[in-house]
Structures are given as structure tokens and as C-alpha cells.
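# A closer look at the structure
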Amino acid sequence: MHADLRFALRSLLKSPGFTAVAVLSLALGIGANTTVFSLVNEVLLKSLPVREPGQLVLFSWAAPERIGPQSINGWTQRDAATGETICTSLSLHTFEQLRTSSSALLSDVFAFAPLDRVNVVLDGNAEVVTTGQIVSGNYHAALGVPMLAGRSILPTDDQPNAPPVVVISAGYWQRKFAGDPAAIGRTLAVNGVIAEIVGVTAPQFTGTLQIGEVQDLTLPLALYSRLSPDDTDATQPWCWWIRIMGRLQPGITRAQAHAGLAGVFKESIKDGLNAGEPAAGSVTPEVAKAANLDKVRFVVNPGGQGLTEARRSYTQSIQILTALVVLVLLVACANVANLLLARGAARVREITVRLALGASRARLLRQLLTESVLLAFLGAAAGLVFAWWGRAALLVLQPLGRSANMLELPLDWRVLGFTTAVAIATGILFGLAPAWRATRLDLAAGFAGGTRTLGGERSRLARILMVVQIALSLVLLVGAGLFTRTLRNLQQLDAGFNRSQLVLFSVDGVAGGHKRAELAALHTRFADRIAALPGVSAVTFSQVPVLSGSSWTSNAVVQGHVPAKGENTNVVMNGVHPGFFSAYQLPLIIGRGFTARDDAAAPKVAIVNQAFARKYFGDASPIGRRFGTGEDKNAGDWEIVGVVRDAKYTRLREEPRPAAFRPYAQLQNAWGGHFAVRVTGDAGTYASMLRGLLRDIDPNLPLANLRTQEEQIARGLSSERMFARLSSFFGLLALLLASIGLYGLLSYSVLRRTGEIGLRMALGAVPGHVLWMIVRESLLLASFGVVLGLGSAWALSRLVASRLYGLSASDPGTYAGVGLILVAVAIISSLLPARRASRVDPMVALRAE
Amino acid sequence: MTTENPSLIKLEGVTKVFLTDEVETHALSGIHMDIRKGEYVSIAGPSGCGKSTLLSILGLLDTPTDGTYILNGRPVQGLTLPERARIRNREIGFIFQSFNLIGDLTVYENVELPLTYRGMPASERKTRVTEALEKVGMGHRAKHLPSQLSGGQQQRVAVARALAGSPAVLLADEPTGNLDSKNGDAVMELLHSLHRAGSTIVMVTHDTRFARHAERTIHVFDGRVVEEQVEAGSAH
């Protein structure tokens, strides 16, 4: 083995050009796979860095659609297999019940939940921290969270009258205190609550919430009523918002825990369920709720990764990314296999001599495979360097649609193990066939001289590999074309309003200590002051930011409209400042806009969009008609006073759907303060001006999430952008590899066929004949590759159809364009070898005599 | 020499000098040669005497350093590459020592090859190829690949390829060099019969036994014509 390795190394060093091209090809393929695997590792495989994560369980529930609690704060996902809604949010009541009834099965039960709005004041500087959580007092101890400094939160901190404490993350400790141990004992004002910093968690622990979310502040659950004083529903049995995990007692399985706790769970939720579908006939809501109780399934999932909804939601993206890089690796393998085939053919003499000297075929196979595996390892080593860069590039592309600094993709032992396994597998994959072929020699023929036929042996395997490379490249390029055109279609889409020159920012008055009832006046005061700034042409604010992915929807009940069974009565809602429509330049079709007189004391009014008017009133005028949300009795709540043009409200991809706007001042539950300022000139220059102005008005109310509307839309397209860029990159990479492969194959073919070409010229072929002969060979390979690739791309593109916009998965323009690109590349790749062939001296036909 | 038998190949003072690493090698020195239509000439000499260089110049595969070459009444020095290719295709038929058939073309396609470069219609090509193969007794092997034939058979196919285009002259370079004596004799007999049918043949050989098949033998030594032998009864 040692001798094989030494010979392999010497042999590779002897052909530096071949070695460089092969190693580079493999490095690109393995590097891309390692990069994506680091994402797979982080998102799908990695466990929490706590004590025995395999013993942790996460409680959740599943139920048919529309059955559940009245209020859910958290993720709900639809199980494609059963159609059920799956959710991990539960009530405080359920937490208490599970905690008190599970000691035989679970050594600990603990709860946690994100804090949606956190304003922090440190040393007089207010800032918005969006990554805070509240936890039960046993959270850190039950998990076994490693601490960097100080202590964890204790059960004694989680008492109604306990002094407020906060544990901070290692990142926050570095950012705000430069890692100063003296930070322990200092205080932070969190939503106005003064809390003492008692500890710093270890850097590897980022919490049990969704992947990519780093919880900078962790506070005891008992503080929740002080941190979010307006959330009076939190203790209600129908308000499900807390996440619950447990640690199994030694020897207890998840199934046993489920069996032992299902009854406790059922008992705990019976007062928290809604009535589900409107009850038919004489069925009372109470009877309906009781029936629904049996439809809610208690689920005990593994908890070693914390919450997994986000992880699950990224699965398809990761699958697509994985498919892209596997295709690139296959192209690289085919490329190297072709190089090895050519090299094997060039080494016929050497191998013949070895066989003649008594080497067994198995022995030679081992030697040749040692070479290919060595090549693969060299490729893997270089691939790790590419992966190191690739991780950074991938994070910039925000693969999970979040800010890059929240996700890290370390190249840990699992990633290195993966790379090693890929290296061995690829080494055997691309090395076996060429090695098998190279050692399949006829000894007698190998040493025979004399007569010859011309043309060399054109390897069918090499040509098949080339066709496969072209086909794989085409699949990748079709993907790139579809994703790039999707991105362009979305970027050029008419959102229904003028999205340029709009500066956006948010303020959180409630977290800043204001009552909800004061928000309209507070925000109006801000708006008035901002309107007076130079360069500001309009200013407005709303409950929900436009095209941010956030939405507020309700079931509409419209006077005079009887919904059909199963009719979707969902409408998009927003509460807006009177200047909203003019600031967004959202044209009013009929009726009037809102004015300052539409305040809390005035008659309740609403403006709907065209889709709403069309759906509920057809061709009749909606002005003066009334509607409400929720129950039928609310149908007369608001009078429609205007109709605005349809627009995109939540996402660019959405189809026009009914929407209703209400005056912000008339909202009963206002809390959002999302401003839009229409400016002239460079939008970026307004940031400091706006910050300064808000600091003047209220120093405890930080300005958050400052961006332009265009930036906000761009953020919403991060997934599309990532797929467009990565598929283009990988497509071009595959194309480059395929063109190098084609060039190499044709060059080698010309070399092997020199005698034949010389003969053809001796027989009267002019250079044009020979040129065309080689170009035609390339075109023939490309044609087979294109046909195979188009078929494969057509079949595979069905899998990404849901991610496309404005074109179908079989878009003929994309397929034709990519096919033409490959044909053009095939011609370009063949030109040099063809030119070389056309210059063959016909004398070679005689010279070889 | 008669007016009915004009000169087909005329060399006057042809020299060929190879320059390698500042070393001049005189492969041919002042060759004068006159070959008439219908003649069967062999060029004989030891290895390295320049006979293959001479053949490559005759076949327009190479150009002389100096001197004049007139083929079929037309001076050929100064022709462009495409013009030379055209003349090779129409006026010259090559027969090589090691046959030089293309391995992945059938016998038929090998013979057809020079005709395709001529742009000849397929129907005419078919007639010509069939005739040529019948002439060398290989008509029944048209669909075979060269690897399925014996050496003698391959050389017959090579002869058919040279004949198919009805060239003015057949240039044969050691046509029996890779054949056993039986097959060698058969090929020589084939060339003889072609000559009898009117073909002009120039054959390079170092084998005096085969050289005697020609009407006239030109002996080359150190790049010069040192002797000419005319067989009794020849027309020359």
C-alpha cells in the first residue's frame, strides 16, 4: 500500500497539468458539497450543546385545521401527510399541569418563549433587542447549559416577588461590555424593568428557540407580566404561547412519556379549545368543544435540537441546494473520469509491461485506484479551502432568510468526516471505470507492431461521460435560468404603489412604556415632526409594515353576504394613518381617504381594495356598505368610505386578495408603529436625521429596523436571490467543467487521430473538412447531452415549480436559451482542437510507415 | 517516347533539404525524373536513401526545396494548400505500406472517403466504390470493418480506395512491406493487372524482387538517382 501511494504520488507529480485540472475540478465539486453540508449539519443535524440532548423531549400538538385554541402565538405548520396543524405553543396552564404530574417520567419540565418586543436601555442608550426570551426558573439547570461567567437563572428567580435578573449571551457580553467580568452585577432596563445581570451563557449555547435565533437576553418567566404588561391574555387557558420541554428519567422512552402524559395534556387543554367549524344544527359550542378535544393529538417529539419548525421549513431549500451541489460533483467526477480514461489510454504501454511482468489485474486495479483516491483526497483538501470561503459567501446570501450573523457554519468533525467520505466515494466512483478499462488489455496485441488501422480507439465510455456532463450542466443551467428569471420577474413586478424613495422604520411604543391607547397620538406626533423635515414630501405609519412578510388577517363578515360552505372569507387587514395612501401613492379609485377626523370617537370607517369590492359587491358600489370581522354580529361595525387600487401587501408573490384598511386611531388593539417617509434625493442620508429627531421626542423609544422600502422588498426576496445566484454560479461552474472536459476529450481525440487526419488530408480533405469533422463531433456529443439534459431538466424542474414566479417550470424560452448556450459552448470548446486538427501535416500518414 | 504517351510526372533538379537544429540534411539532391502515362515505375534504394521523401513530393504531401515538379502538364510548386489537396484528391491515389484504413469506418466507407471530399453525389460514389471493390475482389466485404480482415485483404481495400477516384497515378509506398510473401505476391499481381488495364503506377520498394515487377526501376542512393533499369519488353 505504501509503495502504491508513493508511486501514485510520483505519477501525479509527473503530470502536473493533469493533476492540477483534476484536483481543481474535484475541489470545486467537493468544496461546494462541503459548504452545503455545513448548512445541513447546522440546520438539520446538530444537537443543542447541553447535557445529554438525546434525553430531551419537546411537547407539541396536532389537530385538524381550525381546531385549536382561540389564540396561538408561535409557528403553526401543516402536516402534508395528515393535513393536520402542528404547533409547539401551549398554555401556561398545560405547563403547570405537566410539571406537577410528570415526575415519574421526566426529571424536569421547563418552559420558554421568545419576547416579541424588547427595548433595552443601557447607560442611558436605548436600543431595540429583538432576541430576548423568558424561561422557567429551571430552564438552565434542566438543560445543563454551560455558563461562561456568573450564574444561571434559578427557580428562586422565577417567583412573583423575586428581584429581576437577566442572563445575557456571550455575544451580547462581548458587544456591549467587551467581555468585561464586571458586567455581572450591572443592571439593564428591559422594557422599563430594571434587571441585574447575573450570568453569561457559553458562546456555543444560543438557546432552544428556532435555528439562527440567538437569545441575547434571558429573563425569568415570572417577569413576563411586567415585561409585557399589555398582554393580559397570557394566563388564559385559550392563549397558547409558551413552549414546553422535558428531560426523560433514565430508562424512560418517549413512547412511555407520551402514554403517561397524554391524559394530563388532554385534561389541561379542555378549557382552552375553540368550537372549530361553525356548529351545525342544534350542536352547542360546548358540545363542539368537547368533540374537538378528542381530535387534538398530544405529541412528544425529540427535543435535542430545541424548536424545529424553522429547521423543517428550510428542508426544501436545503434539498434544492444539495441537489445543485451533487450535480456539480457529478460533473466534476465525470470530468476527472474522462481525464483518467485518456491517461489510461496513454499508459497502455506501461500497463502492458506491468501485466507482462506478472502483475495481477487486481494488483493493477489497486494501484490505479490508489491514484484516483489520492487525487480525490487532494481535491478534498483544496475543497475544504473553497468550503471555508464558500461558507462566508453562503452566509452573505442568507440561506435561511435571516441576518447572517445569527447563523454560523463551523467546519466541525462531522463536516470533515463528510468531506472524507465524499473524497473516498468520489475517488472510487470516478476511478473504478477508467482503472477497469485500463487493465483490460490484450497482451499479445499490446506488443504487436506492424499493420495498423487509424483513428485511435474512441472510447464509448468517455463519450457517454461527456454526454452526461453536458446533460448535468444543462440541468443546472435550466435551474439557474428559471430561478434568475423568477427573481427578475419579482423585482420588476408592479407592487401597486410607488416603492422608490420610501424610508421605513419602526418604533415600539408599548415596549417603551406607553399605553396602547396613546399610540395613535404618539405616532401622529412623530409623523407631524417628521413631515416638517426638509426633503420629506409625505409621512405615514401603519399597524403592519407593507411587503415585510408580516400580515394581519381576519375573517370578514359582510352585511348582505352569505358565505358559501368552505368559502375563504379571509381578508388582509391594516390600520393606517390618514396619510398612508398618499405617502404610498396608492391611488384611491372611488370614495374618500381617511382624515384626522376619523378618530376613536368618530363613526367607524374602512377603505377596501378592488379585490374586496369585487368579491363582495360585484359591480355595485361598495361605498356606504358595512362589514366587520369575526362573528356575524360584527357585520355592521365599519362603513366602507373608499376603494383603493389592488396592491401587494404581504409578499410580492401574492395574488390580488381582498384587503381592508382602517384608521389607525380607531384600532382597539394598536401596537405596531411602522413608519414610511417619502423623501427626495438619497434615502440613505435621512437615517441620522430621523434618529436624532426621535431621540429629541422620546429618548427611551429607539428607532428600529431603518431601511428603504426597496431594501425591505429585497430582504423578502433573499431566498429567490440565493437560488438565482447559487444556481447560476453552480450552473456556470458545471458549464466551465463541461467545456474543459469537452476541450480535453476533443484535444485527446485529435492527438490520437493524428494519423487518421493526416491520411484524410492525403486523400484530399481540405482544412475545412477536418475542422468541420471535429466541430461536428463536438456538436454530436452536445446534441445528445442537450436532449438528455432537457428531458432531465423538464422532469426535475417540476420539483421546484412552487418556487417559480411568472414562468412555468417548462418555460420554453429558458430551455431553448440554455440549449443554445450549450451548443455554442460545444462549438467554442471544439475550435482549438479542430484548428489544431486542420493543421495536421498530411505527411504524418507516411511518416508513421 | 511517343506523342500518344505524354509525360505525366516531370521532375527537374528537385532537391529537398531538411533543417533541424541548424543541421542541414540533403534528402534529395537534383532529381530529374520523367514518368509517362501508363508507365509502371519502381523507385528502389536502401533505407534512408530518400525514396519516401521523393514519393511524398510526388504525392504533393511535401514540397521540394528547389527544382520544378510538373504533374499532368501543370507546375505544382506555389499551389495553395486547398489546391494541393484538390490535386491529391483527383490526380493521385495512395497505397501505403501499413494500409492506413480508418478503423471505425467500414470497408465501403473507407473506399468512399476520397470521393466524399470531392463532393461527388452519393449515387455516383456508390457506383465507383462498388466497381473499385469488385476490381480488387473485395466486393463481398463491403460492410466489414478493417479489423475483421486479413492484412492482404486490408491492402486490397487500400488499393480499391486509391483506385476509386480514377487518379492519374497510383503512388504505392512499400505496398507489400507488411504482408507475407503469399499476400505480397497477390498484391503485386493486383498492381500488375491494374497496370495492364492502363493505370500509371509509381511504387517505392527496397525489395528488388518486387521492384522487378515494374517496367522501369529508378535506383536512388543518398538522395540522387544513380541508375535506371528498364525491363525487357517495356514501352519506355
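In this text, all values refer to a predicted model and were calculated from it rather than measured experimentally.

Thresholds applied
- Residues numbered from 1 in each chain as written.
- Chains lettered and ligands numbered in written order.
- Predicted model: local features only at pLDDT ≥ 70, side-chain atom pairs only at ≥ 80, totals over all residues.
- Heavy atoms only, no water.
- Helix = DSSP H or I, 4+ residues; strand = E, 2+ residues; numbered from the N terminus.
- Rg over C-alpha atoms; globule rule 2.2 N^0.38 Å.
- Buried < 20%, exposed > 50% of the residue type's maximum accessible area, 1.4 Å probe, protein only.
- Contact = heavy atoms within 4.5 Å.
- Areas by Shrake-Rupley, 256 points an atom, 1.4 Å probe, with all protein chains shown as cover.
- Lys, Arg positive; Asp, Glu negative; His and termini not counted.
- Charge placed at Lys NZ, Arg CZ, Asp CG, Glu CD.
- Buried area = accessible area lost by both parts, 1.4 Å probe.
- Salt bridge = Lys/Arg side-chain N within 4 Å of Asp/Glu carboxyl O.
- Polar contact = N/O pair within 3.5 Å; in protein donor to acceptor, adjacent residues only side chain to side chain.
- Nonpolar A, V, L, I, M, F, W, Y, C, P; charged D, E, K, R; others polar.
- Domains from an automatic or database assignment.
- Pairing = 2+ DSSP bridges.
- Axes fitted to C-alpha atoms, helices over the stretch in contact; angles between N-to-C directions.

### Comments concerning the overall build of chain B
Scanning chain B for helices and strands turns up 7 helices and 11 strands. Taking 2.2 N^0.38 as the reference for a compact globule, 236 residues should give roughly 18 Å; the C-alpha atoms of chain B span a radius of gyration of 18 Å, in line with that estimate. Its C-alpha atoms put chain B at 45 × 45 × 40 Å along the principal axes. Among the 236 residues that make up chain B, the fraction classed as buried is 52%. When contacts within chain B are restricted to residue pairs at least 6 apart in sequence, long-range pairs at least 24 apart make up 67% of them. Carbon together with sulfur atoms contributes 49% to the accessible area of chain B, which is approximately 10300 Å² in total. Both charge centroids of chain B, one from 25 positive and one from 28 negative side chains, sit 7 Å from each other.

### Quick look at the interface of chain B and chain A
In this complex, chain B contributes 26 residues to the contact, which on the side of chain A involves 22 residues. Roughly 2300 Å² is buried in total at the junction of chain B and chain A, and carbon and sulfur atoms are behind 62% of that figure. For the chain B face of the interface with chain A, the top three residues by lost area are B:Leu61, B:Asn100 and B:Tyr117, together amounting to 28%. Here chain B and chain A share 0 salt bridges between them. In this assembly, chain B and chain A are joined by 4 residue pairs in polar contact (both at pLDDT 80 or more). Those elements giving two or more residues to the side of chain B that touches chain A turn out to be helix H2 (81-91), strand E7 (99-102), helix H3 (107-117) and helix H5 (151-164) of chain B. Here the side of chain B that touches chain A is built from residues that sort into 13 nonpolar, 8 polar and 5 charged.

### Some words on unusual backbone geometry
We note that A:Ala178 has phi near 50°; this positive angle belongs to a residue other than glycine. Of note, A:Ala178 is situated in the loop between helix H5 (170-177) and strand E11 (187-190). On the accessibility criterion, A:Ala178 (65% relative accessible area) is exposed. With a phi close to 70°, B:Phe99 is a non-glycine residue in the positive phi region. For B:Phe99, the position within the fold is in strand E7.

### Brief notes about the domain arrangement of chain A
Domain assignment breaks chain A into domain 1 (1-46 + 312-449), domain 2 (50-112 + 237-304), domain 3 (117-227), domain 4 (461-493 + 716-849) and domain 5 (508-702). Computed over C-alpha atoms, the centres of domain 1 of chain A and domain 5 of chain A are 57 Å apart.

### Quick word on the sheet that holds strand E9 (residues 201-205) of chain B
Residues and elements named next belong to chain B. Reading across from one edge, E6-E8-E9-E3-E10-E11 is the order of the 6 strands in this open sheet, with mixed pairing throughout. Taken across any chain shown, the strands that pair with only one partner, and hence form the sheet edges, are strand E6 (92-95) and strand E11 (224-230). Between one strand and the next, the sheet's axes are offset by a mean angle of 20°, whatever the strand orientation. Where helix H6 (residues 181-196) meets the sheet, it contacts strand E3 (40-44), E6, strand E8 (169-173) and E9, and its direction lies at approximately 155° from that of E9.

### Examining the environment of B:Thr25
Residue and element names in this part refer to chain B. Inspection of the secondary structure assignment puts Thr25 in strand E2 (residues 23-36). Thr25 sits in the partly exposed class, given a relative accessible area of 38%. Residues within four places of Thr25 in sequence aside, it is in contact with Lys16, Val17 and Phe18.

### Focus on the sheet that holds E2(B)
Residue and element names in this part refer to chain B. What the 4 strands build is an open sheet, ordered E2-E1-E4-E5; its pairing is antiparallel. Unpaired on one side and paired on the other, E2 and strand E5 (74-75) mark the two borders of the sheet. Note that strand E1 (residues 7-20) and E2 share 10 bridges and pair antiparallel. Across the sheet, residue Thr20 finds its bridge partner in E2, namely Val23. Each of E1, E2 and strand E4 (66-71) is contacted by helix H1 (residues 51-58), which is oriented at about 120° to E1, the strand it contacts most.

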